[in-house]
Amino acid sequence: MKLTLKSILNRKFTSGLTLFSICISVFLLLSVDTVRKEAKHSFTNTISGTDLLVGARSGSVQLLLYSVFCIGNATNNIGWDSYQKISSHKSVAWAIPISLGDSHKGYRVMGTTQDYFKHYRFADDRGLDFEQGKHFDGVYDAVIGAEIAESLGYKIGDQLTLAHGVNDTGFSRHDDKPFILTGILARTGTPVDRTIHVSLEGIEALHIDWQSGTQSRNKVTAEQTLEMDLQPKQITAFMLGLKSKMEIFRIQRAINKYKKEPLLAVLPGLALGELWQLIGVAEKALLIIAVFVLLNSFVGLLTGILSSLNERRREIAILRSLGCRPNQIFVLLASESLLFAVLGCALGLAVFFGAVLMSQSLLQGYGLTISLTSFGSEQLALVAAVVGMSLLIGCIPGYRAYKQSLADGMSIKL
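Quick look at the structure, then.

**So, the overall build of the protein chain**
Then comes step 1: Each helix and strand in the protein chain was counted, giving 15 helices and 18 strands.
Then comes step 2: For the protein chain, buried positions account for 47% of its 414 residues.
Then comes step 3: Sequence separation of at least 24 residues holds for 78% of the intrachain contacts in the protein chain that already meet a minimum separation of 6.
Then comes step 4: With an accessible surface of roughly 20700 Å², the protein chain has 59% of that area assigned to carbon and sulfur atoms.

**Details of the packing of aromatic side chains**
Then comes step 1: A complete count under the given rule lists 8 aromatic pairs for this structure.
Then comes step 2: Measuring from centroid to centroid gives 5.6 Å for Phe-352 and Phe-353, while their planes differ by 55 degrees, and the two rings are tilted.
Then comes step 3: Using a relative accessible area of 5% as the deciding quantity, one classes Phe-352 as buried.
Then comes step 4: A relative accessible area of 28% means that Phe-353 is categorised as partly exposed.

**Section: a nonpolar patch on the surface**
Then comes step 1: A surface patch of nonpolar side chains, about 360 Å² in accessible area, is lined by Ile-288, Val-291, Phe-292 and Leu-295.
Then comes step 2: When you line up the elements, Ile-288 lands in helix H11 (residues 281–311).

**Section: the side chain of Thr-46**
Then comes step 1: Within the element layout of this structure, Thr-46 appears in the loop between helix H2 (12–44) and strand E1 (52–56).
Then comes step 2: In this structure, Thr-46 is in contact with Val-68, Phe-69, Tyr-120, Arg-121, Phe-122, Thr-190, Pro-191 and Leu-272, ignoring residues within four places of it in sequence.

**Side note on the sheet that holds strand E18 (residues 263–266)**
Then comes step 1: Spatially, 4 strands are ordered E3-E17-E1-E18 in an open sheet, and the strand pairing comes out antiparallel. The sheet terminates laterally at strand E3 (92–98) and E18, the two strands that pair on one side only. For this sheet, the mean inter-axis angle between neighbouring strands, taken without regard to orientation, is 20 degrees.
Then comes step 2: Of the pairings in the sheet, the one linking E3 to strand E17 (residues 237–242) comprises 6 bridges and is antiparallel in character. Bridging from a neighbouring strand, Ala-95 pairs with Leu-240 of E17.

**Quick look at the packing of H2 against helix H10 (residues 268–279)**
Then comes step 1: With their axes 9 Å apart at the nearest point, H2 and H10 run at an angle of 140 degrees to one another. It follows that H2 is oblique to H10 by the angle criterion. You can see that H2 and H10 cross each other, and the crossing is right-handed. Between H2 and H10, the contacting residues are Ala-39, Lys-40, Phe-43 and Thr-44 on the first element and Leu-272, Leu-275, Trp-276 and Ile-279 on the second.

**Quick notes on the environment of Leu-206**
Then comes step 1: Following the sequence through the fold, Leu-206 ends up in helix H7 (residues 200–206).
Then comes step 2: A sequence separation of 44 residues divides Leu-206 from Leu-162, and the C-alpha atoms of the two residues are 8.7 Å apart.
Then comes step 3: The residues contacting Leu-206, other than those within four sequence positions of it, are Asp-102, Leu-162, His-174, Lys-177 and Phe-179.

**Some details on the nonpolar core**
Across soluble globular proteins, nonpolar side chains have a tendency to be buried as a group.
Then comes step 1: Grouped together as the largest cluster of nonpolar side chains are 33 residues, with contacts concentrated most on Leu-53, Leu-64, Tyr-116, Tyr-120, Leu-128 and Met-239.
Then comes step 2: The set of elements that each furnish at least two residues to this core consists of helix H3 (60–67), E3, helix H5 (115–119), E17, E18 and H10.
Then comes step 3: Each residue touching Met-239, except ones within four places of it in the same chain, is listed here: Ile-47, Thr-50, Leu-52, Leu-53, Ser-67, Trp-94, Ala-95, Ile-96, Ile-98 and Tyr-120.
Then comes step 4: Val-139, Leu-160, Ala-222 and Leu-230 belong to the second largest nonpolar core, which has 21 residues in total.

**A few points about the environment of Lys-177**
Then comes step 1: Here Lys-177 is to be found in the loop between strand E11 (163–164) and strand E12 (179–185).
Then comes step 2: Separated by 25 residues in the primary sequence, Lys-177 and Gly-202 have C-alpha atoms spaced 9.3 Å apart.
Then comes step 3: The contact partners of Lys-177, leaving out residues within four places of it in the chain, are Tyr-140, Ala-205, Leu-206, Ile-208, Asp-209, Val-220, Thr-221, Ala-222 and Thr-225.
Then comes step 4: Of note is the side chain of Lys-177, whose polar atom sits 2.8 Å from the backbone oxygen of Val-220.

**Concerning the pairing of E18**
Then comes step 1: Residues Leu-263 and Ala-265 of E18 are buried on one face, and the alternating residues Leu-264 and Val-266, pointing to the opposite face, are buried as well.
Then comes step 2: Note: E1 against E18, 4 bridges, orientation antiparallel. Across the sheet, Ala-56 pairs through a bridge with Leu-263, a residue of E18.

**Some points on the packing of H3 against H10**
The axes of two packed helices give the description: the angle between them and the distance between them.
Then comes step 1: Relative to each other, H3 and H10 sit at 100 degrees, their axes nearing to 9 Å. By the criterion of interaxial angle, the relationship of H3 to H10 is roughly perpendicular. Counted together, Ser-60, Val-61, Leu-64 and Leu-65 of H3 and Pro-268, Ala-271, Leu-272, Glu-274 and Leu-275 of H10 form the full contact between these two elements.

**Focus on unusual backbone geometry**
Then comes step 1: Phi is positive for Cys-70, close to 55 degrees, though the residue is something other than glycine.
Then comes step 2: A relative accessible area of 9% places Cys-70 in the buried class.
Then comes step 3: Positive phi, normally seen in glycine, also occurs at Lys-105, with a value near 55 degrees.
Then comes step 4: Secondary-structure assignment places Lys-105 in the loop between strand E4 (102–104) and strand E5 (107–112).

Cut-offs used in this document
Residues numbered from 1 in each chain as written. Predicted model: local features only at pLDDT ≥ 70, side-chain atom pairs only at ≥ 80, totals over all residues. Heavy atoms only, no water. Helix = DSSP H or I, 4+ residues; strand = E, 2+ residues; numbered from the N terminus. Buried < 20%, exposed > 50% of the residue type's maximum accessible area, 1.4 Å probe, protein only. Contact = heavy atoms within 4.5 Å. Areas by Shrake-Rupley, 256 points an atom, 1.4 Å probe, with all protein chains shown as cover. Phe/Tyr/Trp six-rings, centres within 6.5 Å; stacked < 30°, edge-to-face > 60°. Patch = residues over 30% accessible without salt bridge, like charges linked within 9 Å, V, L, I, M, F, W, Y side chains within 5 Å. Salt bridge = Lys/Arg side-chain N within 4 Å of Asp/Glu carboxyl O. Pairing = 2+ DSSP bridges. Axes fitted to C-alpha atoms, helices over the stretch in contact; angles between N-to-C directions. Parallel < 35°, antiparallel > 145°, perpendicular 65-115°, else oblique. Left-handed = near helix turned anticlockwise from the far one by under 90°. Core = buried A, V, L, I, M, F, W, Y, C linked by side-chain atoms within 4.5 Å. Polar contact = N/O pair within 3.5 Å; in protein donor to acceptor, adjacent residues only side chain to side chain.

Keep in mind these numbers describe shape, not what the thing actually does.
Take a look at the structure:
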């Protein structure tokens, strides 16, 4: 090993480049592997602590998309009576109604209740926090996600004009009933960041004088609306939290067999898993890219040792003449490759841990909860595989040196 170290130090520049290449490759491999796993984990925890999502009968992924991700539209609405009956069941701990259909500058509007801010959970049971302001109290109050506040530059007290439907055009805007911004939620890395939250009464107030997608001639002012009955007749979907997890499948079956109207109840975790199977191709692509980067590093390691082998033939011949056996020459070059791998992996791990510590708070804002505890046996197996592969690669120049004869080495002309 002492001879190996001296040989490496004798070629400081090329050895440094080889170490740097392995270090960066190991860092990229560990980073991509960790990020892809945490991305999947964070995605499947976009909604956490909710036992059932309930909507009009359609498909589980479609229900998940419009009720959690605010993408697309429901096939039908749910009657308010049905919601009240199901939410008042003795097994239900809490229920969050959701009403969709409006938008603001490309962002979806969600009508709900204050229970949404109390019970909605994401990323392993994390609750919603306010960066500024508070939840809505009045009919025309609104709470927005962090991404909307950042991209549109909104602050507490600003007015928001909502639009009917997903297209924010002049004739579809509710100009006569502006909303006041009362709260900005802290960044979560979930669809909450891109959603405007208002009360169910606010949604009803907007559409009190609208019929078939157009505003009637008999307009009702914002002040007049406040004196009217704003209890919703229909909602888009609702979330359920049950008192006991043992009741989930029984309540799910009961909702799916509900006689008054066709409903669908799904487990959010299962629906998220189905959706990830459709969009998780990028996760595999990232890992493949990292593997190719690592392979490129191995090729560089092999090329570096092989290219120096011709220059070291006299050195090898002298070692042979001093009594080194061919198998010792083989071990010398193989151990050199192994040493490169061990040092490169150690540096790569140090850079990886440093990057994790520095980027924890930043990544949390995007829904990625990466910490040092994310490093486990799988990552250690990857590092061990890198070391093992490097040792195998080192056997190639070692074998070539093993086959070189003493006379061949001494006959080199300078």
